[in-house]
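# Analysis of the macromolecular model
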Amino acid sequence: FAVAYYLVVPYQWDVGSPSKNDIILEACAAHPERFTLPMTRDDIRATVAYHATDPDNLGQEVWHGGSLVGIFLWDRIVPRVDARWHFVFFDGQLVGKAELLREALRRAFAALQLQRITLEAPANAVQLLSFARRKLGFRYEGEGRMTDKPVNMKWAAAQGSRRERAYLS
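Residues numbered from 1 in each chain as written. Predicted model: local features only at pLDDT ≥ 70, side-chain atom pairs only at ≥ 80, totals over all residues. Heavy atoms only, no water.

### Some words on the overall build of the chain
Each helix and strand in the chain was counted, giving six helices and six strands. Looking at the chain residue by residue over its 169 residues, the buried ones come to 37%. By sequence separation, contacts in the chain at least 24 residues apart represent 48% of the contacts at least 6 residues apart. Of the roughly 10600 Å² of accessible surface on the chain, a fraction of 55% belongs to carbon and sulfur atoms. (Helix = DSSP H or I, 4+ residues; strand = E, 2+ residues; numbered from the N terminus. Buried < 20%, exposed > 50% of the residue type's maximum accessible area, 1.4 Å probe, protein only. Contact = heavy atoms within 4.5 Å. Areas by Shrake-Rupley, 256 points an atom, 1.4 Å probe, with all protein chains shown as cover.)

### Things to note about the nonpolar core
In terms of nonpolar packing, the biggest core is built from 27 residues, with Phe72, Trp85, Leu100 and Leu101 touching the most fellow members. Mapped by element, the contributors of at least two residues to this core are β2 (6–10), β4 (67–78), β5 (82–89), α3 (98–112) and α4 (126–134). It is α3 that provides the largest number of residues to this core, a total of seven residues. With residues up to four places along the chain from it excluded, the contact list for Leu101 reads Phe72, Trp85, Phe87, Phe89, Leu94, Phe131 and Leu136. (Core = buried A, V, L, I, M, F, W, Y, C linked by side-chain atoms within 4.5 Å.)

### Observations regarding the sheet that holds β5
Strand order in the open sheet formed by six strands is β1-β2-β3-β4-β5-β6, and the pairing between neighbours is mixed. Sheet topology places β1 (2–3) and β6 (116–118) at the edges, where each strand pairs with a single neighbour. Two elements, β4 and β5, share seven bridges in a ladder whose sense is antiparallel. Along β5, the bridge assignment pairs Leu73 with His86. Sitting on the sheet, α3 touches β1, β2, β3 (58–64), β4, β5 and β6, and the angle it makes with β4 is about 35°. (Pairing = 2+ DSSP bridges. Axes fitted to C-alpha atoms, helices over the stretch in contact; angles between N-to-C directions.)

### Describing the packing of aromatic side chains
Applying the stated rule across the entire model yields five aromatic pairs. Taking 5.0 Å as the distance between ring centres and 5° as the angle between the ring planes, the aromatic pair formed by Trp74 and Trp85 counts as stacked. Highlighted residues: Trp74 in strand β4 and Trp85 in strand β5, separated in sequence by eleven residues. Summarising the burial analysis for this pair, Trp74 and Trp85 share the class buried. An aromatic cluster of at least three residues, connected via ring pairs, comprises Phe72, Trp74, Trp85, Phe87 and Phe89. (Phe/Tyr/Trp six-rings, centres within 6.5 Å; stacked < 30°, edge-to-face > 60°.)

### Some points on the packing of helix α1 (residues 19–29) against helix α2 (residues 41–53)
Taken N-terminus to C-terminus, the directions of α1 and α2 make an angle of 130°; their axes are 9 Å apart at the nearest point. Put simply, α1 runs oblique to α2. The two elements α1 and α2 cross, and the hand of that crossing is right-handed. Facing Asp22, Ile24, Leu25, Glu26, Cys28 and Ala29 of α1, the residues of α2 in contact are Arg41, Ile44, Arg45, Val48 and Ala49. (Parallel < 35°, antiparallel > 145°, perpendicular 65-115°, else oblique. Left-handed = near helix turned anticlockwise from the far one by under 90°.)

### Some details on the environment of Ala27
Checked against the element boundaries, Ala27 lands in helix α1. Classification of Ala27 as buried rests on a relative accessible area of 13%. C-alpha of Ala27 to C-alpha of Gly92: the two residues are 65 residues apart in sequence and 9.3 Å apart in space. Beyond its immediate sequence surroundings of up to four residues, Ala27 is in contact with Arg34 and Phe90.

### Notes on α3
Here α3 spans 21 Å end to end across 15 residues, near enough to the 21 Å set by a 1.5 Å rise per residue. When α3 is considered as a whole, its buried residues turn out to be Ala98, Leu100, Leu101, Glu103, Ala104, Leu105, Ala108 and Leu112. Positive backbone phi, approximately 50°, marks Gln113, located one or two places after α3. (Expected span 1.5 Å × (residues − 1).)

### Focus: the environment of Arg134
Here Arg134 lies in helix α4. Its relative accessible area of 57% is what places Arg134 among the exposed residues. Between the C-alpha atom of Arg134 and that of Ala98, which follows or precedes it by 36 residues, the distance is 10.0 Å.

By themselves, these are just geometric observations and shouldn't be taken as functional.
Structure (structure tokens):
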């Protein structure tokens, strides 16, 4: 699919220039702060390579003006239920990419008939979390049960989220 000046195509590790795989692995390894667990550069490369080539996952390359500029990865896919979404733009910028990301979400919901999409991020990724909430419509699990009054998010998650309750127990 195409949005604005971006083209998104299925990721195939064995199609196109082999250098694209190195570009993806290096771009991810250059930013260990984007991962929820502490990892070495080699661990990141191996983890990304594993998940990108796992046949149970869906990968998509993001191109802009003939250059590979990012990748989307969908894993933990349970059709008609849930999938986890990862995305990385190699320039580290989200500015100007909200429309592209919303279209990727819309297409994933439609193609996989999902009820929800999970986005996990390190707690210190404040800008990413803010962007995901403001521009993409993500909410904390259990947040939908809150009223319009200010509520402690830990409490709200404990009330409405089985996953968060498991972590808090």
